[in-house]
Amino acid sequence: MGYRFNDLVDACHDEWTAYIEHDFVTQLGRGSLSQDSFRHYLKQDYLFLIQFSRAYALAAYKSHSLDELRSAFEGLKIILDTEMQLHLDYCAEWGITQHQLENLPEARATLAYTRYVLDAGARGDLLDLRVALAPCMIGYADIALWLNEQDFTQRGNANPFDAWIAMYLSEEFQQAAHHERVWLDEQLRQLPDAHFQRLALLFRDATRLERDFWQMGLDLSD
Ligand SMILES: Cc1ncc(CN)c(N)n1
């Protein structure tokens, strides 16, 4: 009893570190990531964000209070107005058309992760869904903070991926992640051990699937 969000992270410390400090992330920070890998990631992430928009819509459906509905709306809004826009800008800069994006096949890593989260939400309650979504929202905010603290990270024009780092470091994204942490802290505080343990497995598996998503970008796997 008395659990917090950080207890979910501590319960899968190795998986969380493998996700946050993945080679894809460190290469992106150094600016040495191959453009092919980033392009592959971006295209699949476009498909990922469409499925995650559905997950936030599902979070709205599973909400009980106005506050929960507003959080689901904020999650959906950040994806559609901020993240998606950055993707479309990068894609346009690198010659990937909207038509190409709309006709892409989903890679197995994209299918596995997005459908895992949607299934967790469909069969579970709002807390299940938001725990499954946490590696996405809170994880990317932590990755941006972590990258920004590393000596090897190149900021500014020297790094072609700087706009990506800047977006996840932005006040808007960091605030949204902070709110999610506060909400999860509050929900987890009241949980009995067995319930927490079940959620810890859900969180661990979503974290492993996030790690696989980076690996898919590095390996250019479909
Ligand atoms: C795979 C993945 N995970 C998380 C995020 C951040 N919403 C993202 N854009 N893509």
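Now for a quick tour of the structure. (Residues numbered from 1 in each chain as written. Predicted model: local features only at pLDDT ≥ 70, side-chain atom pairs only at ≥ 80, totals over all residues.)

1. Here's the deal with the overall build of the protein
Test applied: Counting from the N terminus, the helices are the DSSP runs of H or I reaching at least four residues and the strands are the DSSP runs of E reaching at least two. Here the radius of gyration uses the C-alpha set of atoms, whereas the globule reference equals 2.2 Å times the residue count to the power 0.38. Each residue is classified by how many other C-beta atoms fall within 10 Å of its C-beta atom, where C-beta atoms are placed from the backbone; a count of 20 or more means buried, 12 or fewer means exposed, and values in between mean partly exposed. It is the C-beta atoms, placed from the backbone, that decide contacts: two residues are in contact if theirs lie within 7 Å.
The helix and strand tally for the protein stands at 11 helices and 0 strands. Starting at the N terminus, the α and β elements of the protein follow one another as α-α-α-α-α-α-α-α-α-α-α. Taken against the 2.2 N^0.38 rule, which gives 17 Å for 222 residues, the C-alpha radius of gyration of the protein at 17 Å falls within 12% of a compact globule. Counting the 222 residues in the protein, one finds 36% classified as buried. Nonlocal contacts in the protein, meaning residues at least 24 apart in sequence, comprise 84% of its contacts between residues at least 6 apart.

2. Focus: the nonpolar core
Test applied: Working definition: the nonpolar core is a set of buried Ala, Val, Leu, Ile, Met, Phe, Trp, Tyr and Cys residues, joined through C-beta atoms within 7 Å.
Core analysis: the biggest nonpolar cluster contains 57 residues, and A132, L133 and F203 have the highest contact counts within it. Counting residues per element, this core draws most heavily on helix α8 (residues 126–149), at 12 residues. Dropping the residues within four chain positions of it, F203 is found in contact with L8, C12, V131, A134 and P135.

3. Points about unusual backbone geometry
In this model, L220 sits at a positive phi of 55°, which is unusual for a non-glycine residue. If you trace the backbone, L220 turns up in the segment after α11 (193–219).

4. Quick look at the environment of D119
The topology assignment puts D119 in helix α7 (residues 108–123). Looking at D119, the number of C-beta atoms within 10 Å reads 13, which means it is partly exposed.

5. Notes on the site of the ligand
For the record, the criterion: We count a residue as near a molecule or strand when its backbone-placed C-beta atom lies within 6 Å of that partner. When residues are grouped by polarity, Ala, Val, Leu, Ile, Met, Phe, Trp, Tyr, Cys and Pro land in nonpolar, Asp, Glu, Lys and Arg in charged, and all others, Gly among them, in polar.
Every residue near the ligand is listed here: D45, F48, L49, E83, C136, Y140, E210 and F213. Elements with a minimum of two residues in the shell around the ligand: α4 (35–61), α8 and α11. Partitioning the shell around the ligand into residue classes produces 5 nonpolar, no polar and 3 charged.

6. So, the packing of α4 against α11
A pair of packed helices is characterised by two quantities: the angle between their axes and the separation of those axes. Cut-off, in case you're wondering: Interaxial angle, 0 to 180 degrees, is taken between N-to-C directions of lines fitted to C-alpha atoms, where a helix line uses only the stretch in contact. Throughout this description, any angle smaller than 35 degrees is read as roughly parallel, any larger than 145 degrees as roughly antiparallel, any in the 65 to 115 degree range as roughly perpendicular, and the remainder as oblique. We call a crossing left-handed when the near helix sits turned anticlockwise from the far one by less than a right angle, and right-handed when that turn is clockwise.
Running from amino to carboxyl end, α4 crosses α11 at an angle of 135°, the nearest separation of the two axes being 7 Å. Here α4 is positioned oblique relative to α11, judged by the angle of their axes. In this structure, α4 crosses over α11, and the sense of that crossing is right-handed. Each of S37, H40, Y41 and Q44 in α4 lies in contact with α11, whose residues at this interface are M216, G217 and L218. Residues that form the contact of α4 with α11 fall into these classes: 3 nonpolar, 4 polar and no charged.

7. Quick notes on helix α10 (residues 171–189)
As a reminder, the rule being used: The span you would expect from a helix comes to 1.5 Å times its residue count less one. The arc refers to the directions leading from the helix axis to the C-beta atoms.
Taking 1.5 Å per residue as the helical rise, α10 with its 19 residues ought to reach 27 Å, and the 27 Å between its terminal C-alpha atoms agrees with that figure. Where α10 is concerned, the buried positions are A176, A177, E180, L184 and L188. Buried residues along α10 cover an arc of 95° about the axis, so they all sit on one side. Counted as exposed and oriented over 90 degrees from the buried face of α10: E171, H178, V182, E186 and R189.

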